[in-house]
Number of protein chains: 2
Amino acid sequence: MRRERKAGGNVMLTSLAIVEDNAAIRGTLGQLIAETPGLTCLCACENARDALRLLPKHAPDIVIMDIQLPDLSGIECTRRLKRLLPQTQILIFTVYEDNDLIFRALEAGASGYLLKRTSSAEILDAITDIRHGGAPMSSEVARKVVQSFRKNEAAGPPEMRQLSAREEEILGLLTRGYTPKEIGEKLSISYETVRSHLKHIYEKLHVRSQTEAVLKAVH
Amino acid sequence: MRRERKAGGNVMLTSLAIVEDNAAIRGTLGQLIAETPGLTCLCACENARDALRLLPKHAPDIVIMDIQLPDLSGIECTRRLKRLLPQTQILIFTVYEDNDLIFRALEAGASGYLLKRTSSAEILDAITDIRHGGAPMSSEVARKVVQSFRKNEAAGPPEMRQLSAREEEILGLLTRGYTPKEIGEKLSISYETVRSHLKHIYEKLHVRSQTEAVLKAVH
DNA sequence: GTTTCAATACCCCAATTGGGTGATTTTCAA
DNA sequence: TTGAAAATCACCCAATTGGGGTATTGAAAC
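Read on for a plain summary of the structure.

Cut-offs applied
Residues numbered from 1 in each chain as written. Chains lettered and ligands numbered in written order. Predicted model: local features only at pLDDT ≥ 70, side-chain atom pairs only at ≥ 80, totals over all residues. Heavy atoms only, no water. Contact = heavy atoms within 4.5 Å. Buried area = accessible area lost by both parts, 1.4 Å probe. Salt bridge = Lys/Arg side-chain N within 4 Å of Asp/Glu carboxyl O. Polar contact = N/O pair within 3.5 Å; in protein donor to acceptor, adjacent residues only side chain to side chain. Helix = DSSP H or I, 4+ residues; strand = E, 2+ residues; numbered from the N terminus. Nonpolar A, V, L, I, M, F, W, Y, C, P; charged D, E, K, R; others polar. Least-squares fit on C-alpha atoms with pLDDT ≥ 70 in both. Buried < 20%, exposed > 50% of the residue type's maximum accessible area, 1.4 Å probe, protein only. Pairing = 2+ DSSP bridges. Right-handed = clockwise from strand over helix to strand, strands pointing away. Expected span 1.5 Å × (residues − 1). Arc of directions from axis to C-beta.

1. Points about the interface of chain A and chain B
On the side of chain B, 15 residues touch chain A, which itself brings 16 residues to the contact. For the chain A and chain B pair, buried surface summed over both sides reaches about 1,200 Å², with 58% attributable to carbon and sulfur atoms. Where chain A meets chain B, there are zero salt bridges. Here chain A and chain B share two residue pairs in polar contact (both at pLDDT 80 or more) between them. Within the residue set of the side of chain A that touches chain B, elements represented by two or more residues are helix H3 (74-84), helix H7 (165-175), helix H8 (180-187) and helix H10 (210-217) of chain A. Ranked by residues supplied to the side of chain A that touches chain B, first place goes to H10 of chain A with five residues. Class assignment of the residues belonging to the side of chain A that touches chain B gives a composition of six nonpolar, five polar and five charged.

2. Describing the relation of the copies chain A and chain B
Overlaying chain A with chain B gives an RMSD of 0.2 Å, the required rotation being 179° about an axis along which the chain moves by 0.1 Å. As the rotation angle and translation indicate, the two copies are arranged about a two-fold axis. Among all residues of chain A, the minimum C-alpha distance to the rotation axis is found for Thr211 of chain A, at 2.4 Å.

3. Quick look at the pairing of strand E3 (residues 62-65) of chain A
Residue and element names in this part refer to chain A. Of the two faces of E3, the one holding Ile62 and Ile64 and the one holding Val63 and Met65 are both buried throughout. Here strand E1 (residues 14-19) pairs with E3 via four bridges, running parallel. Within E3, the residue paired with Val19 across the bridge is Met65. Sheet topology places E3 next to strand E4 (residues 89-94); four bridges connect them, and they run parallel. Residue Val63 lies in a different strand from E4, and its bridge partner there is Ile90. Each parallel crossover has a hand, and the one from E3 via H3 to E4 is right-handed.

4. Quick look at the pairing of E1 of chain A
The two faces of the sheet receive side chains in turn, since in a regular strand these alternate between them. All names here are of chain A. The element E1 is extensively covered by neighbouring structure, given that six of its six residues are classed as buried. Direction of pairing for E1 relative to strand E2 (residues 39-45): parallel, over a ladder of six bridges. Opposite Thr14, over in E2, you have Leu39 as the bridge partner. A crossover links E1 with its parallel partner E2, the connecting element being helix H1 (residues 23-35), and its sense is right-handed.

5. Brief notes about helix H5 (residues 120-131) of chain A
Residues and elements named next belong to chain A. Here H5 contains 12 residues, and its C-alpha end-to-end distance of 17 Å stays within 8% of the 16 Å for a straight helix at 1.5 Å per residue. Where H5 is concerned, the buried positions are Ile123, Ala126, Ile127, Ile130 and Arg131. The arc that holds every buried residue of H5, seen down its axis, measures 135°, which confines them to one face. Those residues of H5 that are buried lie in contact with E1, H1, E2, E3, E4 and strand E5 (112-115).

The following block contains the structure:
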């Protein structure tokens, strides 16, 4: 599946894919890749759905991923792609330098996080970097990442537990086998409210389902 | 909510509901109840859906439940009703004397298990019995229940773990956060097969969702 | 005093899930 | 050798779920 290899001397061909809804940027990136010896662009998708459908067949070495996509967020897409293609490295390429987005992208499995104002040369550097086990990110981003780790002191896996009391309560009931509907009845709040809380819980815990939330909750 | 009370001397009014798809049996039971002093029939449903919708409003003391229903099985219906009305006692009334059905009905929260060939007098006895904390069952059923407990020696809660290797494997992946779809991909089997296994797992573990299955699996 | 956040609730929509059936094939034990 | 489990896959259908919004209220933080 890996497309890299030594041909004759020491040519390492790196396959890429692009997930980016803006056609202009997609074109620019594709061209940059095509023009660079040693790089090849296997696929360019304009949304997450296509990415999740097509990329497993291509199994690129690296995916350049936008965050703002029309269907799923690039973070969701990253998380799912990583499940399907654990060896593929994902490089986030976005305008957002929001703390939480950066953190979540890396948590979702991204290997790097570049801001869109990054120059072509730096992008190519980042690709090389990533192939060599690096984690390229714009300097602004790197600082934020360091800061975020300071907050989660004691290092270790970036854990959670900033849940509100109500959220804890609901997660607790879920962990005791209650369905959302039953939780609503038990707490005398609407089913929709329970769902609202659940969505916030998922977001804070970086999970996507009751099953995963419960798994995190029971440690 | 409880409708029982002492009126004047020592009259204890017991409210009943019937869940039975056969109109003739429903009528017979309703009449039997109506004719008996101290008993009142609040509601007669012909399917599980109606039962789950209407009975929480009536909150009967006892529900007489058939197993063969057009939509959900009476066992499923029992399980769900018990969640909504923990204080309501459920009396299974069926032709099936299948071991597993009996076990599952009791596990789902039924308080008694009568075979349909039971006489009217015995049904009334069973209702009295149940109100006094008993667990009435036809003698054939009682024997089977005792036998089933012999199998699950060491007493305790009737536990599981008769899962096949494949089922264990799938439950294991679920417990590691994989979705059914991802499990199919990982094991190179179809999504439908994974779902099939999951349904069998649910049945064996007496649960109704991924969340609950995972909870049982992680102890 | 404005801003932020938690809690509440509702909408939309597509995908997933649970439950019920049914079918085929393999394997293994009685 | 007949039969019972397992494992595989399929189809139906309604309900639930996940993800995306938006909106109101009240309390706490600034």
